[in-house]
2 protein chains.
Amino acid sequence: MGKVKFNFSAGPAVLPEAVLKEAAQAVVDCGGTGLSILCMSHRGGTYEALHMEALANLRDLLRVPDDFAILLLQGGATQQFSQVAMNLAQGKPADYTLTGQWAEGAFKEAGKVAAVRVAADSRKVQPARVPLASEIKVGADAAYLHITTNETVDGIQWTSLPDSPVPLVADMSSDIMSRDIPWNRFSLVYAGAQKNLGPAGVTVVIVRKDVAEKAPSALPAMLRYQTHVEKDSLHNTPPCFSIYVLALVTRWVKAQGGVAVLEQRNRAKAAKLYAAIDGSGFYRGTADKAYRSIMNVTYRLPNEDLEKTFVKEAEAAGLSGLKGHRVVGGLRASIYNAMPESGVDALIQFMKDFQGRHS
Amino acid sequence: MGKVKFNFSAGPAVLPEAVLKEAAQAVVDCGGTGLSILCMSHRGGTYEALHMEALANLRDLLRVPDDFAILLLQGGATQQFSQVAMNLAQGKPADYTLTGQWAEGAFKEAGKVAAVRVAADSRKVQPARVPLASEIKVGADAAYLHITTNETVDGIQWTSLPDSPVPLVADMSSDIMSRDIPWNRFSLVYAGAQKNLGPAGVTVVIVRKDVAEKAPSALPAMLRYQTHVEKDSLHNTPPCFSIYVLALVTRWVKAQGGVAVLEQRNRAKAAKLYAAIDGSGFYRGTADKAYRSIMNVTYRLPNEDLEKTFVKEAEAAGLSGLKGHRVVGGLRASIYNAMPESGVDALIQFMKDFQGRHS
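Residues numbered from 1 in each chain as written. Chains lettered and ligands numbered in written order. Predicted model: local features only at pLDDT ≥ 70, side-chain atom pairs only at ≥ 80, totals over all residues. Heavy atoms only, no water.

Chemist: Describe in detail the domain arrangement of chain A, supporting the description with residues and values.
Modeler: Residue and element names in this part refer to chain A. When the domains of chain A are assigned, the result is domain 1 (18-256) and domain 2 (258-358). Centre-to-centre, using C-alpha coordinates, domain 1 lies 27 Å away from domain 2. Summed over both partners, the interface of domain 1 with domain 2 comes to about 2,200 Å²; 54% of that surface belongs to carbon and sulfur atoms. If you sort the residues of domain 1 by the area they bury against domain 2, Val 153, Ser 178 and Gln 256 come out on top, with a joint share of 21%. On the surface where domain 1 and domain 2 come into contact, there are zero salt bridges. Scanning the region where domain 1 abuts domain 2 turns up 12 residue pairs in polar contact (both at pLDDT 80 or more). (Domains from an automatic or database assignment. Buried area = accessible area lost by both parts, 1.4 Å probe. Salt bridge = Lys/Arg side-chain N within 4 Å of Asp/Glu carboxyl O. Polar contact = N/O pair within 3.5 Å; in protein donor to acceptor, adjacent residues only side chain to side chain.)

Below you can see the structure in the form of structure tokens.
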């Protein structure tokens, strides 16, 4: 394997180089204190300032209104699959759109703690897409409608939000911080950090305060959002290092000009890569063009042997993480916020060269 | 504040310098791959090897028998407080010994998901100690007897395990890896990593496989130990960096000669510090001498103003984290595995000088 030049991993994904350098320094000595960021009390001033900065920057960048709380939790989106329903179902059924592997996980886990219903199911549609408006049936009695805004496995994305008589709850693990969020449509948004926000180990939950407050008080403290709302996510020892790196990433996003700038860049990167695929007569995109993800570009080659060769040769050329998810096979280029345009250019050039050698 | 020379924080606590240096390097480039440890897929070979090494080293160092599974989870000991009861109560009552703040937390959270009983309560005894054998009443019908092997706030420790007709479950967050564990007495042991094992963000759970298997199958996947038993704690994206540093710490423990060597060192460090306190006629230990912790040494000065001055002057001298827990006040020196004897020597010297200046 060649030394990695560009990392297309679906997650834990590439982070900005400047963030990595600063984080490495802080592992030895955080801000000249003589203390590693790994070895300081979470009740001390140095850590607390970083923790509060992460929260404030998230609020600022994502334009989160005051009636929402931002929580920094553990367990990944997978723990949220059940925790959302424990807190938000509140005796009502909850409706789910099934768009792929991650939506399915959310639905299955919620079903263990609440009554769940299928509002739409587009999992078997080919080419892959999210449900059409006409296919979605949401009960007016539902506690919420759950969507997975971006499905990393199939490379599809909700390009606009579904109509719904009830508030939305969304797993935004793989596209948070890539576009503006219309908060008036949501009760709750959650995201594992390891794509656009930071390293694995911290999960961001943004929840409407009045909804969190009404969750059953009998829930274990760690599973009840309200515990963390009241303690600024310092109820117990938080995953300090992951939150610290998240703070650095939010600083980086600010320095780039914010979410709108990143969205524009991401659309340009994705458009370029999809155009290279569509124009090749060799590579074939797997998702319905109207619902293509700007984060995870999934595509195929004429046969699986060629796909294996592609992944191997790409690795050797320093382009890593291009193998598709094991469930669907094929190729996948994850081009999250921290993937520079030069990485996409290098991939496109490699794809052209590969086509020349193998078509 | 002076630059920190020795860090007596109760947690997240000091880690070996060599571990910090290697971890810092891996944040930029892990093992010459060109990939940061923060940015690599948890399904890739490099991470998986480190993950499996952490598990294997824990098994080796703690002499964990084959009929126990080792899990690397998230949420800290605080999440285990309820998760233990969800999985292990299995329709029976669970008995708890109340020895201080952490035992109380475990009892309270377990009570939200299972029937719990007080087997003994030594919380108000002064000087602080764990319950005497004669004070402990465990029901033969109990699912388990819960103990908190070391209470960081009060500086007390179970110096020997209580007799019990049922298996023990123990929160060992603050003394795991400091002494041998007689596994035949236990169903489960859990520990947040941030004292003796690594940074915050990963929680080690070691559970008897037959017990984990019998947990209710209706539990959400993330909360059911069996999910993680079956997947080697790779059911979803794990807290990769915290686990990586845990792997480095286990390598370090091995290089030191293992748990027995560390135990000997810890006993020597604690004996030295307690002797300095007892012989001073100025400092006063707060715990019953028979149950003093070898991890957290708690003591007082003649008055609170002096204690404040002590903490301030110690910080200025590069000795950080000596303030007692906010609930009890006073002073606390946490001298976990990674605190070198020279750190304890420096503290003792500072204490002598301080006494000279202020008595």
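So much for the structure itself; the text now carries on.
Chemist: Report on the interface of chain B and chain A, specifying residues and quantitative values.
Modeler: On the chain A side, the residues contacting the 58 residues of chain B number 57 residues. The largest contributions to the chain B side of the interface with chain A come from B:Pro12, B:Leu38 and B:Cys39, which together make up 13% of the buried area. The interface formed by chain B and chain A includes two salt bridges. Note that A:Asp29 is salt-bridged to B:Lys3, the shortest N-O span being 2.8 Å. Summed over the shared surface of chain B and chain A, the number is 17 residue pairs in polar contact (both at pLDDT 80 or more). Going through the elements one at a time, helix 1 (17-28), helix 3 (76-88) and helix 7 (240-256) of chain B are the ones with two or more residues in the side of chain B that touches chain A. When its residues are assigned to classes, the side of chain B that touches chain A shows 30 nonpolar, 22 polar and six charged. (Contact = heavy atoms within 4.5 Å. Helix = DSSP H or I, 4+ residues; strand = E, 2+ residues; numbered from the N terminus. Nonpolar A, V, L, I, M, F, W, Y, C, P; charged D, E, K, R; others polar.)

Chemist: I'd like to hear about the relation of the copies chain B and chain A, residue by residue, with values.
Modeler: Of the transformation placing chain B onto chain A, the axial shift is 0.0 Å and the rotation is 180°, giving an RMSD of 0.0 Å. Both copies of the chain, as the preceding transformation shows, are related through a two-fold rotation axis. The position closest to the rotation axis in chain B is occupied by the C-alpha of B:Ala24, lying 2.2 Å away. An overlap of 98% is found between the interface residues of chain B and their copies at the interface of chain A, pointing to a shared contact surface. (Least-squares fit on C-alpha atoms with pLDDT ≥ 70 in both.)

Chemist: Please provide a residue-by-residue account of the sheet that holds strand 11 (residues 284-285) of chain A, values included.
Modeler: Residues and elements named next belong to chain A. Read across the sheet, three strands follow the order 11-12-14 without closing on themselves; strand pairing throughout is antiparallel. Two strands in the sheet have a free side with no partner beyond their single neighbour: strand 11 and strand 14 (331-334). Here strand 11 pairs with strand 12 (residues 296-300) via two bridges, running antiparallel. Counterpart to Gly 285 in the pairing with strand 12 is Tyr 299. Helix 8 (residues 259-278) contacts strand 11, strand 12 and strand 14 of the sheet and is inclined by roughly 5° relative to strand 12. (Pairing = 2+ DSSP bridges. Axes fitted to C-alpha atoms, helices over the stretch in contact; angles between N-to-C directions.)

Chemist: Report on helix 2 (residues 45-61) of chain A, specifying residues and quantitative values.
Modeler: Residue and element names in this part refer to chain A. With 17 residues, helix 2 extends 24 Å between its outermost C-alpha atoms, agreeing within 8% with the 24 Å of an ideal straight helix rising 1.5 Å per residue. Restricting attention to buried positions, one finds in helix 2 the residues Tyr 47, Leu 50, His 51, Ala 54, Leu 55, Asn 57, Leu 58 and Leu 61. Summarising the axial view, the buried residues of helix 2 lie within an arc of 165°, below the 170-degree limit, and thus occupy one face. Contacts made by the buried residues of helix 2 are with strand 2 (68-73), strand 10 (203-208), helix 7 (240-256) and helix 8. At the C-terminal side of helix 2, Arg 63 shows a positive phi close to 50°. (Expected span 1.5 Å × (residues − 1). Buried < 20%, exposed > 50% of the residue type's maximum accessible area, 1.4 Å probe, protein only. Arc of directions from axis to C-beta.)

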